[in-house]
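Structural overview
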Amino acid sequence: GQQVMQIPQYQHVQEGEDFTTYCNSSTTLSNIQWYKQRPGGHPVFLIQLVKSGEVKKQKRLTFQFGEAKKNSSLHITATQTTDVGTYFCAGPYGDKIIFGKGTRLHILP
Amino acid sequence: DAGVTQSPTHLIKTRGQQVTLRCSPKSGHDTVSWYQQALGQGPQFIFQYYEEEERQRGNFPDRFSGHQFPNYSSELNVNALLLGDSALYLCASSPRTSMTDTQYFGPGTRLTVL
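None of these values were measured; they are calculated from a predicted model.

**Side note on the sheet that holds strand β7 (residues 61-65) of chain A**
All names here are of chain A. If you trace the five strands from one edge of the open sheet to the other, you get β1-β3-β8-β7-β6, paired in antiparallel fashion. Edge positions in the sheet fall to β1 (4-7) and β6 (55-58), since each has one partner strand and no second. The mean angle between the axes of side-by-side strands here comes to 15°, regardless of whether they run parallel or antiparallel. Relative to strand β8 (residues 71-76), β7 runs antiparallel, the two being bridged by five bridges.

In structure tokens, the structure reads:
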């Protein structure tokens, strides 16, 4: 069936270290979206990638969409305590959006 | 510019009861989608409403139903509640029916079924 898989499920990093989460789709996607959910909060849209091989940056965050449009990654450089939360990727499958299970990022001071 | 609002914030029900959750979309948005998010999981798509009709549906039983009003606000109804229905219910709005559009989420309703 339609699946969006994210790894790792959890990640603990020291403040200042880098962090990467990976997203893989069972099928080719027309686009992929990334969301961040703070503890106790709701998902907040970060970015949408559409083109094969696309790379977008938002300050310390770098998003990539694979050439085959089946995988994506989010990389955070020099993590800060404000980066704590769960990062979800999501993609359209037909007319539905399917979310991955997310990667929970915990920052060690 | 008001974002997506949901009510109530929290709700406690017992098995077998019925519940209605409410959502007002972001200003300028006409499409509302509902998601169920169990603890430690990603949001699961329930259904989407546009022009007061259910347009798309995820893998949820008929106990889950909804409605959209002329002002684009929406309700999610769940009948015959089960313990497994305990979750955060999220409403998201977008400006058109395409599911490729950004989802603007509300704060959610935390439902606990005892």
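**Some words on the sheet that holds strand β3 (residues 19-24) of chain B**
All names here are of chain B. Pairing is antiparallel across the open sheet formed by four strands, whose spatial order is β1-β3-β8-β7. Unpaired on one side and paired on the other, β1 (5-7) and β7 (64-68) mark the two borders of the sheet. Across the sheet, the mean angle from the axis of one strand to that of its neighbour is 20°, orientation sign disregarded. As paired strands, β7 and strand β8 (residues 74-78) are joined by five bridges and run antiparallel to one another. Each residue of the ladder has a partner; that of Ser65, found in β8, is Asn77.

**Focus on the interface of chain A and chain B**
Facing the 19 residues of chain A at the interface are 20 residues of chain B. Around 1600 Å² of area is buried between chain A and chain B when both sides are counted, 57% of it from carbon and sulfur atoms. Of all residues in chain A, the largest losses of buried area upon contact with chain B belong to Asp95, Ile97 and Phe99 of chain A, amounting jointly to 31% of the total for that side. Applying the counting rule to chain A against chain B returns four residue pairs in polar contact (both at pLDDT 80 or more). Counting residues per element, the ones that place at least two in the side of chain A that touches chain B are β4 (32-37), β5 (44-49), β9 (85-93) and β10 (96-99) of chain A. Broken down by class, the residue content of the side of chain A that touches chain B amounts to seven nonpolar, eight polar and four charged.

What counts as what
Residues numbered from 1 in each chain as written. Chains lettered and ligands numbered in written order. Predicted model: local features only at pLDDT ≥ 70, side-chain atom pairs only at ≥ 80, totals over all residues. Heavy atoms only, no water. Pairing = 2+ DSSP bridges. Helix = DSSP H or I, 4+ residues; strand = E, 2+ residues; numbered from the N terminus. Axes fitted to C-alpha atoms, helices over the stretch in contact; angles between N-to-C directions. Contact = heavy atoms within 4.5 Å. Buried area = accessible area lost by both parts, 1.4 Å probe. Polar contact = N/O pair within 3.5 Å; in protein donor to acceptor, adjacent residues only side chain to side chain. Nonpolar A, V, L, I, M, F, W, Y, C, P; charged D, E, K, R; others polar.

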